[in-house]
Amino acid sequence: MNLGVRWSLHGDGRTPAPGAVVRPDERLSWPRTVGLGAQHVVAMFGASFVAPVLMGLDPNLAIMMSGFATVIFLLATRGTVPSYLGCSLSFVGVAAAIRASGGSSATVTGAVFVVGAVLFLAGLAVRKFGARIIHAAMPPIVTGAVVMLIGFNLAPVTAATYWPQDQWTALLVMLFTGLAVVCLRGFWSRIAIFLGLIFGYAISWVFDLAFGKIHSMSPSGRVTDHWRLDLSGVAEADWIGLPHLHGPSFEWSAILVALPVVIALIAENAGHVKAVGEMTGDPLDDRLGTAIAADGAASMLSTAVGGPPNTTYSENIGVMAATRVYSTAAYWAAAGFALLFGLCPKFGAVVAAIPGGVLGGITVILYGMIGLLGAQIWINAGVDLRNPLNLVPAAAGIIIGIGGVKLTFTDTFELGGIALGTLVVITGYHVLRAFAPAHMKEQEPLLDAGTSAYESGTAGGTDGRTGEEPAAKS
């Protein structure tokens, strides 16, 4: 059985020739391959470690399970789709909503486990029936609106939780991260979030030395005098040990909040497969269903033991584009590094100690970028918002999702926020389409640029996560 774990040496094993690329089934020399694997781990650090912290989950377990998830993905796709799977930022808003209603970490991972199962089944359906079943259910107006409301729904988390802990540190980190995203080039722009974290740690340490404790809201939510950077947990943590594991807990209210993220994950996978196919010159449309199913299976495994869900990362696409090395051997090396980091509790303690003000500055940009990816989907697909069939359901769903509008059915069951907003967008679009006049139905190709190019035979200029133009992130 071909599992995609055999690679031929590319050229002399040092660097690709001018204009050449190292294909997924090729590799450079092993020292260079291992070095590239380490580079892929660094590229995903910023977002993949921020995400579990924001979700209230163990960052050590997150990085370890990202290694397992990457292995599952590489085996499932037989080494044809180079990808690193890291913690998905699409679930941060879901986790915040579930915790706001009294949910625990087990409740969060239980809801996300169900999302992974649905994503796995969606992947199997795409393998059997083709991508058009997704196209029909989720045209660009729907996909973009759901991604947008998921991102913008997070705005109150930044405003009420992170920013007030240290507003001046947050402001400086926001400015530094923004400059890093815009002004840096190549690989450095891909790790702008990671650089923002390092800058934030340094500024918090300097401010503690210069000004002493800060009187503000602490991570517990109480206004007290506290240090901006508290590394006491790092000193107490072991160098080697297993992360904390826990099982999922299933509650319908939490599951309904989490399910809309399936749409974002399908769009992310579609965009990733398309982007890699274009860069390597090998169309991978026949692998789309497998990639989606592998993503779902990996997320199920991670959340079953208390970890976060995983998805493909555009930062790593940026590394491949910069190096012209698409070898899956490098991703096996990256997965190995992730597993080793996951076994170091002291490393996880450093991540868990990220000051609230630092998270405030980063999430201002990060959450906004997630939301604006929805607008990018509309732009790529040429969605016409002058068409009431597009405008009405998107407008209603986005306001409901961002504003936290609720629909109460009983004393114990209600729909609101992301779940209700997504339901309004999807059902509203299809119901209105059934009654709309013919001229309103003559619109752009279905779904976003992540997969529509395969159907039409055209090539887009998009990048990994949701069909966006290459930029720093997931």
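Scroll up to find the structure.
This write-up is about the structure you can find in this document. (Residues numbered from 1 in each chain as written. Predicted model: local features only at pLDDT ≥ 70, side-chain atom pairs only at ≥ 80, totals over all residues. Heavy atoms only, no water.)

This brings us to the overall build of the protein chain. In terms of regular secondary structure, the protein chain is built from 21 helices and 8 strands. For the protein chain, the proportion of its 474 residues judged to be buried stands at 55%. (Helix = DSSP H or I, 4+ residues; strand = E, 2+ residues; numbered from the N terminus. Buried < 20%, exposed > 50% of the residue type's maximum accessible area, 1.4 Å probe, protein only.)

With that out of the way, let us pick up the nonpolar core. The biggest cluster of nonpolar side chains holds 95 residues, and the ones touching the most others in it are Met55, Val92, Ile266, Tyr367 and Trp378. In this structure, methionine 55 is in contact with Cys87, Ser88, Phe91, Val92, Ala95, Arg99, Val108, Pro308 and Pro309, ignoring residues within four places of it in sequence. The next biggest cluster of nonpolar side chains, apart from the first, holds 5 residues, and it includes Val22, Leu28, Leu36 and Val325. (Core = buried A, V, L, I, M, F, W, Y, C linked by side-chain atoms within 4.5 Å. Contact = heavy atoms within 4.5 Å.)

Next up on the list: helix H8 (residues 167-183). A rise of 1.5 Å per residue sets the reference length of H8, with its 17 residues, at 24 Å; its end C-alpha atoms lie 24 Å apart and thus fit the reference within 8%. Among all positions in H8, only Thr169, Ala170, Val173, Thr177 and Ala180 are buried. Viewed along the axis of H8, the buried residues span an arc of 95°, placing them on a single side of the element. In H8, the exposed positions that point more than 90 degrees away from the buried face belong to Trp168, Leu179 and Val182. (Expected span 1.5 Å × (residues − 1). Arc of directions from axis to C-beta.)

Attention shifts here to the pattern of salt bridges. Two side chains that carry opposite charge are able to pair once their charged atoms sit near each other. Applying the stated rule across the entire model yields 3 salt bridges. Among the salt bridges present, the one from aspartate 208 reaches arginine 228, with a minimum N-O distance of 3.1 Å. Within this pair, whereas aspartate 208 is found in helix H10 (residues 192-211), its partner arginine 228 is found in the loop between strand S5 (223-226) and helix H11 (232-236), the two being separated by 20 residues in sequence. Classification of aspartate 208 as buried rests on a relative accessible area of 9%. One network of salt bridges, in which partners are shared, links Asp166, Asp208 and Arg228. (Salt bridge = Lys/Arg side-chain N within 4 Å of Asp/Glu carboxyl O.)

This brings us to helix H4 (residues 105-129). Side chains that are three or four residues apart share a direction in an α-helix, a result of its 3.6 residues per turn. Taking 1.5 Å as the rise per residue, H4 with 25 residues should run 36 Å; its terminal C-alpha atoms sit 36 Å apart, in good agreement. Immediately beyond the C-terminal end of H4, within one or two residues, lies glycine 130, with a positive phi of roughly 95°.

A cluster of nonpolar residues, Leu385, Leu391, Val392 and Leu432, forms a patch on the protein surface that exposes about 300 Å² of accessible area. Its location among the elements puts leucine 385 in the loop between helix H18 (356-381) and helix H19 (388-403). Under the relative-accessibility criterion, leucine 385 is labelled partly exposed at 36%. (Patch = residues over 30% accessible without salt bridge, like charges linked within 9 Å, V, L, I, M, F, W, Y side chains within 5 Å. Areas by Shrake-Rupley, 256 points an atom, 1.4 Å probe, with all protein chains shown as cover.)

This brings us to the packing of aromatic side chains. A full pass over the atoms with the stated rule returns 4 aromatic pairs. Both rings, one in phenylalanine 207 and one in phenylalanine 211, keep their centres 5.6 Å apart while their planes meet at 70°; by these two values the pair is edge-to-face. Of this pair, phenylalanine 207 and phenylalanine 211 are both found in helix H10, 4 residues apart, which corresponds to roughly one turn of the helix. Of the residues examined, phenylalanine 207 reaches a relative accessible area of 16% and is grouped as buried. Positioned above the aromatic ring of phenylalanine 129 is the side chain of lysine 128, whose terminal nitrogen or guanidinium carbon lies 5.7 Å from the ring centre. Against the face of tryptophan 239 rests lysine 346, its NZ or CZ located 5.1 Å from the ring centre. (Phe/Tyr/Trp six-rings, centres within 6.5 Å; stacked < 30°, edge-to-face > 60°. Lys NZ or Arg CZ within 6 Å of the ring centre and 35° of its normal.)

One can describe the packing of H19 onto helix H20 (residues 417-435) by two numbers: an axis separation of 7 Å at closest approach and a directional angle of 165°. Here H19 is positioned roughly antiparallel relative to H20, judged by the angle of their axes. The way H19 lies across H20 gives a crossing that is right-handed. The segment H19 lies against H20, with Leu389, Asn390, Val392, Pro393, Ala394, Ala396, Gly397, Ile400 and Gly401 engaging Gly417, Ile418, Leu420, Gly421, Val424, Val425, Gly428, Tyr429, Leu432 and Arg433. Class assignment for the residues of the contact of H19 with H20 results in 12 nonpolar, 6 polar and 1 charged. (Axes fitted to C-alpha atoms, helices over the stretch in contact; angles between N-to-C directions. Parallel < 35°, antiparallel > 145°, perpendicular 65-115°, else oblique. Left-handed = near helix turned anticlockwise from the far one by under 90°. Nonpolar A, V, L, I, M, F, W, Y, C, P; charged D, E, K, R; others polar.)

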